[in-house]
Amino acid sequence: MNGNKAAAIMAEVKKAVIGKDDCVEKILMAILGGGHVLMDDIPGVGKTTMALAFSRSCSLEENRMQFTPDVMPSDITGFSIYRKDTSEFVYQPGPIMCNLFLADEINRTSPKTQSALLEVMEEGNVTVDGVTREVPKPFIVIATQNPAGSSGTQMLPDSQLDRFMICTSMGYPDVEHEIEIIKNHNGQNPLENIVPVVNGEEILEMQAEVEQVFIHDVLYQYIAHLVAATREHPMLQLGVSPRGTIALTRMAKASAYLNGRNYVVPSDVSDVFKDVVIHRIMMNAKARVNHVTADGIIENILESVPKPVPGKRQG
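Because the structure is a prediction, the values reported are computed rather than measured.

Draft legend 1. Spatial organisation of the environment of Leu 302. The topology assignment puts Leu 302 in helix 13 (residues 294–304). For the pair formed by Leu 302 and His 216, sequence separation is 86 residues and the distance between their alpha carbons is 19 Å. Not counting residues within four places of it along the chain, the set of residues in contact with Leu 302 comprises Tyr 222, Leu 226, Ser 270 and Phe 273.

Written out as structure tokens, the structure is:
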């Protein structure tokens, strides 16, 4: 297992991202699990720095796009232009043709443009003028969105939200770490200190190793019971989809991998549960009237579904 390489990646990212170790770990888990990341956060807390730090430490080609209301689907996927000298249409690649695509403020653009990401995120392909092309591998989307209700934002459709393996938030730093951030920005960009420790091929190898992490049947049952609880909860209108179940399984495997194990334990599942389901559940009117939060519902589900006990057969 390449646990040392994973630790090296995190060490490099933490040079630029101060005091957000849990967030760094969860994003690396999503990358190693072959998924995409949605960062739902206020402006200015370091979301872009986080994405750039990962791309540099992993030697990945990255492109960044600022999503605005006038961005068109072809601005993302690319387009074909006619060349008079050859009498042929030539494909001009869009910014999506890279290893790590940073989609800034994705909920400020139109639903039509948002949906242009769907095929690429799910299938790893771009289709322009009837021709399908594969994006480079590994391929990771890290998208940021402004908090719901911010001026000029449009809610992401459920179909797109479901394609993000996790949704995470950095939040404000505490005073101690904010002082460290100020010192680190004194006359230099912390990203300049990051050195590549792996390359794209090694990321693919690590993703393959994560796939081989063992999960016992009782843990498959635990995952299924947690997901079922989201679908049956009296305060939820929408529960977790089967795609979310697969995402939870992959994140649990990646958690085990980062902890140096080739097998999953119950805490691997419970530790990533919130990040996987928070953007996939929808509260109903009863929850809103009673001022129940999504975080509270998730905690309630984790407490109500018993963790597997070693040696005990699960019902």
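Having seen it, we continue.
Draft legend 2. Summary view of a negative patch on the surface. A surface patch of like charges, here negative, comprises Asp 174, Glu 176, Glu 178 and Glu 180. Inspection of the secondary structure assignment puts Glu 180 in helix 7 (residues 175–184).

Draft legend 3. Region of interest: the packing of aromatic side chains. Considering all chains together, one arrives at two aromatic pairs under this definition. Ring centres 6.5 Å apart and planes at 75 degrees place the aromatic pair Phe 67 and Phe 101 in the edge-to-face group. Linking Phe 67 in the loop between strand 2 (62–66) and helix 4 (73–77) with Phe 101 in strand 5 (residues 100–104), this pair joins segments that are 34 residues apart in sequence. For the pair shown, Phe 67 and Phe 101 are each scored as buried. Arg 133 extends its terminal NZ or CZ atom over the ring of Tyr 91, reaching a point 4.0 Å from the ring centre.

Draft legend 4. Main features of the side chain of Gln 145. Note on placement: Gln 145 falls in strand 8 (residues 140–145). Taking the relative accessible area as the measure of exposure, Gln 145 reaches 11% and is therefore buried.

Draft legend 5. Representation of the pattern of salt bridges in the model. Summed over all chains, the structure comprises 15 salt bridges. With a closest N to O distance of 2.8 Å, Lys 5 and Glu 202 form a salt bridge. Here the residue Lys 5 occupies a position in helix 1 (residues 3–16), and Glu 202 occupies one in helix 8 (residues 200–211), the gap between them amounting to 197 residues. A single salt-bridge network, built from bridges that share partners, covers Glu 122, Asp 162, Arg 163, Arg 243 and Arg 280.

Cut-offs applied
- Residues numbered from 1 in each chain as written.
- Predicted model: local features only at pLDDT ≥ 70, side-chain atom pairs only at ≥ 80, totals over all residues.
- Heavy atoms only, no water.
- Helix = DSSP H or I, 4+ residues; strand = E, 2+ residues; numbered from the N terminus.
- Contact = heavy atoms within 4.5 Å.
- Patch = residues over 30% accessible without salt bridge, like charges linked within 9 Å, V, L, I, M, F, W, Y side chains within 5 Å.
- Areas by Shrake-Rupley, 256 points an atom, 1.4 Å probe, with all protein chains shown as cover.
- Salt bridge = Lys/Arg side-chain N within 4 Å of Asp/Glu carboxyl O.
- Lys, Arg positive; Asp, Glu negative; His and termini not counted.
- Charge placed at Lys NZ, Arg CZ, Asp CG, Glu CD.
- Phe/Tyr/Trp six-rings, centres within 6.5 Å; stacked < 30°, edge-to-face > 60°.
- Buried < 20%, exposed > 50% of the residue type's maximum accessible area, 1.4 Å probe, protein only.
- Lys NZ or Arg CZ within 6 Å of the ring centre and 35° of its normal.

That is the geometry; function is a separate question.
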